[in-house]
Amino acid sequence: METQPYEPRFAARTQRIQASTIREILKLTQSPGFISFAGGLPAADLFPLERIAEATQHILRDQGAQALQYSTTEGYPPLRAWVAQRLPRTAPEQVQIVSGSQQGLDLIGKVLIDPGARVLVEAPTYLGALSAFNPYEPEYVSLPIDEEGLEPGALEAALQAGAARFLYVMPTFQNPSGRLMGLKRRQALVELARKYRVLIVEDDAYAELYFSGRPLPTLYALDQELGGGNVIYLSTASKTLAPGLRVAWVVGPGPVIQKITHAKQGADLHSPTLNQMLVYELVKEEAWYQGQIQRIRTTYQARCAWMLEALQRHMPKEVGWHTPQGGMFFWLTAPEGLDSLELLRRAVEEKTAFVPGQPFFADGSGKNTLRLSYSSASHEEIEEGIKRLGRAMKRMLVV
Ligand SMILES: Cc1ncc(COP(=O)(O)O)c(C=O)c1O
């Protein structure tokens, strides 16, 4: 259908809601024989189907009317209590259940961003966060990352240059770069937030997915130790149970959470009650839940190791990458001048795909970067797909 007659009727903010070229190209990856590393999908073979079927039956039998009735915007109380109890000095009233952390990001944008307000983001940052914030018309300030993620010196310089509404940051297995921020930097970030009175939005979607070692404290936990009030924390059941449930949580200072609750009321009244009850049924059995997470860690660790071997075997020597210690992604850097969107076109001819890096940069840089997801691929697919990508890459580098 012609879009022309409708264009003048769209709100001005839709200028910043655009279809992406990449999505169009990636539609081709549905065809048979394709090996795609593009989607950031959790492994479907690890969804706890039987456990979910059992728990659903149980809930419908014992609490069916409650599960299918309208309920409160804040979320299912036992689930809020479970989230609060796993975080330092946090009351259930500080927890808002949301329909995916994606909704959490949208609501944060809605309550914190005025047009033209400065929002600090990592370069690269999560593409979905940019899509969530864009309609609220922020002015992004992109902060560089290195091997250990966001560099506090760059943050301080940006804060000295002017006030910002918040810093959006993923300290643990950042999407897309896979970076893990060390303890010293975490402490420095929290101290800067306190010194400059700027809020931090900490997106902790991948926290549980570490391959070895012990998890580092979250920015939220570090801030709580110092009295709290500076960090809005987001996490989700998407990466440990199943993303289709759309259950996640936002935790933070009471007044901010209250505003988010009011904004959510206008968005969808509440997140699906049955799904919230289901998530609670699963996570409340700590031993089972830990076993589920362990299965995911072991599987992703193996898939990550296969991808590393395949990259070492098939990538031209000019291409560099970050080897993750957890999460779902490899982040590759090709020589300056190689356009990864063009590389995607060539890779699609070879029947493989990835996500070009540029859309993850609010400042439009990163043309020579790309993201590969290993979470859903088999050993054979990884070996064959990376071989194809290596071929496409070599074809571009010789021209
Ligand atoms: C960093 C980050 N935040 C948020 C999300 C959205 O997750 P959810 O399924 O909870 O909406 C994702 C999903 O890939 C993500 O990578």
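Rules used throughout
Residues numbered from 1 in each chain as written. Predicted model: local features only at pLDDT ≥ 70, side-chain atom pairs only at ≥ 80, totals over all residues. Heavy atoms only, no water. Near = heavy atom within 4 Å. Polar contact = N/O pair within 3.5 Å; in protein donor to acceptor, adjacent residues only side chain to side chain. Areas by Shrake-Rupley, 256 points an atom, 1.4 Å probe, with all protein chains shown as cover. Nonpolar A, V, L, I, M, F, W, Y, C, P; charged D, E, K, R; others polar. Helix = DSSP H or I, 4+ residues; strand = E, 2+ residues; numbered from the N terminus. Expected span 1.5 Å × (residues − 1). Buried < 20%, exposed > 50% of the residue type's maximum accessible area, 1.4 Å probe, protein only. Contact = heavy atoms within 4.5 Å. Bend = angle between axes of the 7 residues up to and from the residue. Domains from an automatic or database assignment. Buried area = accessible area lost by both parts, 1.4 Å probe. Salt bridge = Lys/Arg side-chain N within 4 Å of Asp/Glu carboxyl O. 1 Å grid on protein atoms, 1.4 Å probe; cavity = no way out; pocket = protein on both sides within 12 Å on 5 of 7 lines; lining within 4 Å. Points joined across faces, edges and corners; volume = space filled by probe spheres on them. Pairing = 2+ DSSP bridges. Axes fitted to C-alpha atoms, helices over the stretch in contact; angles between N-to-C directions.

## Examining the site of the ligand
Point 1. Every one of the 13 residues lining the ligand counts as a neighbour, but Ser101, Asp203, Tyr206, Thr236 and Ser238 are closest to it.
Point 2. Note that an oxygen atom of the ligand is positioned 2.6 Å from one of the side-chain N or O atoms of tyrosine 206.
Point 3. In this structure, an oxygen atom belonging to the ligand sits 2.9 Å away from a side-chain N or O atom of lysine 239.
Point 4. Look at the ligand: alone it shows 400 Å² of surface, and the protein chains cover 92% of it.
Point 5. Residues belonging to the shell around the ligand are distributed by class as follows: four nonpolar, six polar and three charged.

## Regarding helix α13 (residues 379-398)
Point 1. With 20 residues, α13 ought to run about 28 Å at 1.5 Å a step, and its terminal C-alpha atoms sit 29 Å apart, in line with that.
Point 2. All buried positions along α13 are accounted for by Ile382, Gly385, Ile386, Arg388, Leu389, Gly390, Ala392, Met393 and Met396.
Point 3. Buried positions along α13 lie against β1 (35-36), α11 (286-314), α12 (340-349), β12 (352-353) and β14 (369-373).

## Notes on helix α2 (residues 49-68)
Point 1. Taking 1.5 Å per residue as the helical rise, α2 with its 20 residues ought to reach 28 Å, whereas the 21 Å between its terminal C-alpha atoms falls clearly short.
Point 2. Where α2 bends most, the angle comes to about 90 degrees, and this point is aspartate 62.
Point 3. For α2, every residue scored as buried is listed here: Arg51, Ile52, Ala55, Thr56, Ile59, Gly64 and Ala67.
Point 4. Buried residues along α2 sit in contact with α10 (273-283) and α11.

## Considerations on the domain arrangement of the chain
Point 1. On domain assignment, one finds that the chain holds domain 1 (4-48 + 293-398) and domain 2 (49-286).
Point 2. Between the C-alpha centres of domain 1 and domain 2 the distance comes to 25 Å.
Point 3. The partner domain 2 presents 36 residues to the 28 residues of domain 1 that form the contact.
Point 4. For the pairing of domain 1 and domain 2, the buried interface totals around 3,000 Å² over both sides, and the portion due to carbon and sulfur atoms is 65%.
Point 5. Counting the contacts that link domain 1 with domain 2 gives one salt bridge.
Point 6. Residue arginine 297 is joined to glutamate 208 by a salt bridge in which the shortest nitrogen-to-oxygen separation is 3.6 Å.

## A word on empty space enclosed by the protein
A water-sized probe rolled over the atoms picks out the places where empty space is left.
Point 1. A complete count under the given rule lists one cavity of 30 Å³ or more for this structure.
Point 2. There is about 40 Å³ of room inside the largest cavity.
Point 3. For the lining of the largest cavity, the per-class residue count stands at seven nonpolar, two polar and one charged.
Point 4. Each of domain 1 (4-48 + 293-398) and domain 2 (49-286) accounts for three or more of the residues forming the lining of the largest cavity.

## Considering the pairing of β14
Point 1. For β14, a buried count of five out of five residues is recorded, marking the element as mostly surrounded by other parts of the structure.
Point 2. Relative to β14, strand β13 (residues 355-356) runs antiparallel, the two being bridged by two bridges. Opposite valine 355, over in β14, you have arginine 371 as the bridge partner.

## Some details on the sheet that holds strand β10 (residues 320-322)
Point 1. Taken together, four strands build an open sheet; the order of strands is β10-β11-β14-β13 and the sheet is antiparallel. The outermost strands of the open sheet, each flanked by one partner alone, are β10 and β13.
Point 2. Pairing of β10 with strand β11 (residues 329-333), which is carried by three bridges, proceeds in the antiparallel orientation. Note that in β11 the partner of glycine 320 across the bridge is threonine 333.
Point 3. Against the sheet, α11 engages β10, β11 and β14, with an angle of about 20 degrees to β11.

## Focus: the pattern of salt bridges
A side chain of one charge can pair with a side chain of the opposite charge if their charged atoms are brought near each other.
Point 1. The full count for this structure, using the stated rule, is 22 salt bridges.
Point 2. Between glutamate 281 and lysine 284 there is a salt bridge, with the nearest N and O atoms lying 3.1 Å from each other.
Point 3. Ionic pairing is found between arginine 346 and glutamate 342, a salt bridge with its closest N-O pair at 3.4 Å. In this pair, arginine 346 and glutamate 342 both sit in helix α12, four residues apart, roughly one turn of the helix.
Point 4. Salt bridges sharing partners connect three or more residues here, namely Arg86, Glu208, Glu286 and Arg297.

## Quick notes on unusual backbone geometry
Point 1. A cis amide bond links alanine 123 with the next residue in sequence, proline 124, at an omega value of 10 degrees.
Point 2. You can see proline 124 is positioned in the loop between β3 (118-123) and α5 (127-133).
Point 3. For the peptide bond that leads from asparagine 175 to proline 176, omega is 20 degrees, which places it in the cis range.
Point 4. A positive phi angle is found at arginine 197, which is not glycine, with a value near 50 degrees.
Point 5. By the secondary structure assignment, arginine 197 is in the loop between α7 (183-196) and β7 (199-203).
Point 6. Not every positive phi belongs to a glycine, and lysine 351 is a case in point at roughly 65 degrees.
Point 7. Looking at the secondary structure, you find lysine 351 in the loop between α12 and β12.
Point 8. You can call lysine 351 partly exposed: its relative accessible area is 34%.

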